[in-house]
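# Examination of the molecular architecture
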Amino acid sequence: MKSILGVNIDHVATVREARKGTMPEVVAAAVIAEQSGGHGITIHLRQDRRHIQDRDLAILRQVVHSKLNLEMSLTEEIVRIAVEAVPDQATLVPENRQEVTTEGGLDVAGQLERTREVTARLAACGVLVSHFIDPDRRQIDAARESGARYIELHTGSYANARWAEKTAEYRKLVDAAGYAASIGLGVNAGHGLDYHNVQPVAAIPEVEELNIGHSIISRAIFSGLAVAVREMADLIETAGESRDWPWTV
């Protein structure tokens, strides 16, 4: 199975919100991403609305032709918005208002009752529910118990690992993906992936989708969004053709 690319456009909105204006328009970014090889659009409606706004979600729900994946916390306000918007997929993530970016996976096992409740409410609306978790079997079991159909493996530790630690972190992802698939869960992955580290993760047989944002938007500053999306999609497409990576796996 080859992985597909979900393009996270949060940081297009980050640039817009720096001046609280109207440019750049995230809807335009979604259209370009879809036309350039992206198989889905991912956004995170945070409680503090630091980038994506309610308006963005409403319009994107109408114009995205592929899959709209809404990353969201378990807070009641955000859950109500998600139930009303009915994205194609909702990915439940942890959220700390003081964090720069998401820090680690959702502790499903530690808040199983709430996670199960939110998952059921979203699923009842026809939303495909995924849980963003660390590559840990306890969390994978909890995600299944809570009713999730997918997990998204948090790849941050792998992406940020030093050379000597890279193999161990990668093997955690491989093991987690295989285990999740063996108990009936679909597997996605994301966080910290870029043009240098994405191919090994894309080559994991069970990984169906990679959600990537910051590195694509960063490259787009220099090469344009269409080129940046196409280059990432090409890397994912060809991931299984070579395992000539600069560390042993």
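See the structure above.
Residues numbered from 1 in each chain as written. Predicted model: local features only at pLDDT ≥ 70, side-chain atom pairs only at ≥ 80, totals over all residues. Heavy atoms only, no water.

## Considering the pattern of salt bridges
Counted only if it meets this: When a carboxyl oxygen of Asp or Glu lies within 4 Å of a side-chain nitrogen of Lys or Arg, that pair is called a salt bridge. For every residue, the accessible area obtained with a 1.4 Å probe (protein chains only) is divided by the maximum for its type, and the residue is called buried under 20%, exposed over 50%, and partly exposed between those limits. A run of H or I in DSSP becomes a helix once it reaches four residues, and a run of E becomes a strand once it reaches two; helices and strands are each numbered from the N terminus.
For the structure shown, the criterion picks out 20 salt bridges. Between Asp48 and Arg50 there is a salt bridge whose closest N-O contact spans 3.0 Å. Classification of Asp48 as partly exposed rests on a relative accessible area of 30%. We classify Arg50 as partly exposed; its relative accessible area is 24%. The shortest N-O distance in the salt bridge between Arg137 and Asp175 comes to 2.9 Å. Separated by 38 residues along the polypeptide, Arg137 in helix α6 (residues 137-146) and Asp175 in helix α8 (residues 163-182) bring together distant segments of the chain. We classify Asp175 as partly exposed; its relative accessible area is 38%.

## Concerning unusual backbone geometry
For the peptide bond that leads from Met23 to Pro24, omega is -5°, which places it in the cis range. Even without a glycine there, the phi angle at Arg49 is positive, about 55°. Note on placement: Arg49 falls in the loop between β2 (40-44) and α3 (54-63). Residue Arg49 is classed as buried on the basis of its relative accessible area, which comes to 13%. For Val86, which is not a glycine, the phi torsion comes out positive at approximately 55°.

## So, the sheet that holds strand β4 (residues 89-92)
Put simply, the rule reads: Two strands form a pair only when DSSP identifies at least two bridges running between them. To obtain each axis, a line is fitted to C-alpha atoms, and for helices this fit is confined to the stretch in contact; angles are then taken between N-to-C directions over 0 to 180 degrees. Note on definitions: a residue-residue contact is assigned when non-hydrogen atoms from the two residues lie within 4.5 Å.
The strand order β1-β2-β3-β4-β5-β6-β7-β8 describes a closed barrel built from eight strands, whose pairing is parallel. Sheet twist, expressed as the mean angle between neighbouring strand axes with direction ignored, is 25°. Pairing between strand β7 (residues 186-190) and strand β8 (residues 207-212): four bridges, direction parallel. Of the residues in β8, the one forming a bridge with Val187 is Val207. Contacts from α8 reach β6 (150-154), β7 and β8 within the one sheet, and its direction differs from that of β6 by about 175°.

## Let's talk about the packing of aromatic side chains
Condition: Centres within 6.5 Å make a pair out of two Phe, Tyr or Trp rings, where for Trp the six-membered ring is used; the pair is then stacked when the planes are under 30 degrees apart, edge-to-face when over 60, and tilted otherwise. We call a charge positioned over a ring when the NZ of a Lys or the CZ of an Arg lies within 6 Å of the ring centre and within 35 degrees of the ring normal.
The tally for this structure, following the rule as stated, stands at one aromatic pair. With a centroid separation of 5.9 Å and an interplanar angle of 50°, the aromatic rings of Tyr158 and Tyr170 are classed as tilted. Of this pair, Tyr158 sits in helix α7 (residues 156-160) while Tyr170 sits in helix α8, and the two are 12 residues apart along the sequence. The pair formed by Tyr158 and Tyr170 is uniform in burial state, with each residue classed as buried. Looking at Lys166, its charged tip hangs above the ring of Tyr158, at a distance of 4.8 Å from the centre. For the cation-ring pair, Arg219 lies above Tyr195, with the distance from its terminal atom to the ring centre recorded as 3.7 Å.

## A closer look at the side chain of Asn188
Short version of the rule: Counting of polar contacts relies on pairs of N or O atoms within 3.5 Å, with two restrictions inside protein: one atom must be capable of donating a hydrogen and the other of accepting it, and residues adjacent in sequence are counted only when both atoms are side-chain atoms.
Topologically, Asn188 is positioned in strand β7. Taking relative accessible area as the criterion, Asn188 reaches 2% and is therefore assigned buried. Only 3.4 Å separates the side chain of Asn188 from the backbone nitrogen of Glu209, close enough to count as a polar contact. In contact with Asn188, not counting residues within four places along its chain, are Gln89, Ser130, Tyr150, Ile151, Glu152, Leu153, Val207, Glu208 and Glu209.

## A short note on helix α4 (residues 76-85)
Defined as follows: Taking the helix axis as origin, the arc is that swept by the directions to the C-beta atoms.
Residues of α4 that are buried: Ile78, Val79, Ala82 and Ala85. One side of α4 holds all its buried residues, which, seen down the axis, span an arc of 130°. Looking at the buried side of α4, the elements it contacts are α3, β3 (67-72) and α5 (112-124). Downstream of α4 by one or two residues, Val86 has phi in the positive range, about 55°.

## A word on the nonpolar core
The criterion, for reference: We call a set of buried residues a nonpolar core when its members are Ala, Val, Leu, Ile, Met, Phe, Trp, Tyr or Cys and they connect through side-chain atoms within 4.5 Å of each other.
Judged by nonpolar contacts, the single largest core of 73 residues is most densely connected at Ile9, Met72, Leu210 and Ile216. Those residues in contact with Ile9, other than ones at most four positions away along the chain, are Val26, Ala29, Ala30, Ile41, Thr42, Ile43, Ile52 and Leu60.

## A look at the pairing of β7
Counting buried positions over the five residues of β7 gives five, a clear majority of the element. Pairing of β6 with β7, which is carried by five bridges, proceeds in the parallel orientation. Residue pairing across strands places Leu153 opposite Ala189, the latter belonging to β7.

## A look at the packing of helix α2 (residues 26-35) against α3
For clarity, the cut-off: Crossings are sorted by hand: turned counterclockwise from the far helix by less than a right angle, the near helix makes the crossing left-handed, and turned clockwise it makes it right-handed.
At a closest axis distance of 10 Å, the pairing of α2 and α3 adopts a crossing angle of 35°. The two elements α2 and α3 meet at a crossing, and its hand is right-handed. Counting all contacts with α2, which are made through Val26, Val27, Ala30 and Glu34, the residues of α3 involved are Asp56, Ile59, Leu60 and Val63.

Coordinates in, geometry out; function isn't part of it.
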